[in-house]
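So you can see what is in the structure, the chains are spelled out below.
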Amino acid sequence: MGTFEEILDEICEMLSCYSGRDKVIRTLCYAAKLASVMNAEKHPDAANKLKIFSSKMSQTRATLRLFDDLPMLQCTLQYGWGKHEPDRTLSVIGVLSNIFDTIYYPIDKICWLAEYKLLHVENPTLWDTLSSLFWLMSNYLSLIKTWRFMQLTQNHKKCLSNGHSSSAEKEVKIAFSKVQAQKEFLQKISMIRNCIDIIHAGSTLPKGLLWGGKIPAWQVAFIGTLSSLLGMYQFLAKRRLAKS
């Protein structure tokens, strides 16, 4: 546990950038939603206030996503065909993931405009369904990509451990292995979070499509909160790892 100043610095650092702020807002959104569902019967007034707060946080995130199109397009163009990836499988997954994410944002924008009656669409539910499907596929591809990258990392570690090294090289390998162990732990956290988000995305689909509508509201709020907390942990852990 760090000092108060260190904790304050980390919180401010998270709130000073878009990615960190989005994670904080997402956590507040789902935590309030979970608290609202759990207190609906015993404390209806408090539950209603928490529901309103959760809704406003969700609307805030949706509004901020309106500006994500160009950064996503830039990321896609810079990634290109993924020639920098260690193998072809990762390149293919990376390209597909960028395509899904790039298409997702215009769909999300249409959903936002339709929700506030700024754009007339014949079937708003269809656009909401498409948004959920693209979100689902994006998380699935991210899960497969992380799993494949971990496979390659394990193969690389085996090659390093089999070779003969001098004492100096052994010290470098030990230092490298410590950093690599931290990265692998974060990758495992990422895979767990992807699995949770896949369940979450599927639950937002209409009834009859995958497991849409089959998960109780409190469970949806719980997995949303858990995913958000893991996202905050990843953000802070990556910053600490980069500094070290």
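On a predicted model such as this, the values are computed, not experimentally measured, just so you know.

Basis of the calculations
Residues numbered from 1 in each chain as written. Predicted model: local features only at pLDDT ≥ 70, side-chain atom pairs only at ≥ 80, totals over all residues. Heavy atoms only, no water. Salt bridge = Lys/Arg side-chain N within 4 Å of Asp/Glu carboxyl O. Helix = DSSP H or I, 4+ residues; strand = E, 2+ residues; numbered from the N terminus. Buried < 20%, exposed > 50% of the residue type's maximum accessible area, 1.4 Å probe, protein only.

All right, on to the pattern of salt bridges then. Side chains carrying opposite charge are able to pair once their charged atoms draw close together. Taken as a whole, this structure holds 8 salt bridges when the rule is applied. Across the pair R65 and D108 runs a salt bridge whose closest N-O atoms are separated by 2.8 Å. Highlighted residues: R65 in the loop between α3 (44-64) and α4 (69-79) and D108 in helix α5 (residues 88-115), separated in sequence by 43 residues. Note on R65: relative accessible area 17%, which makes it buried. Exposure remark for D108: the relative accessible area of 8% places this residue in the buried category. Here E85 makes a salt bridge to K145, at a shortest N to O gap of 3.2 Å. In this pair, E85 is assigned in the loop between α4 and α5 and K145 in helix α6 (residues 124-162), connecting sequence segments 60 residues apart. The exposure class assigned to E85 is buried, which follows from its relative accessible area of 15%.

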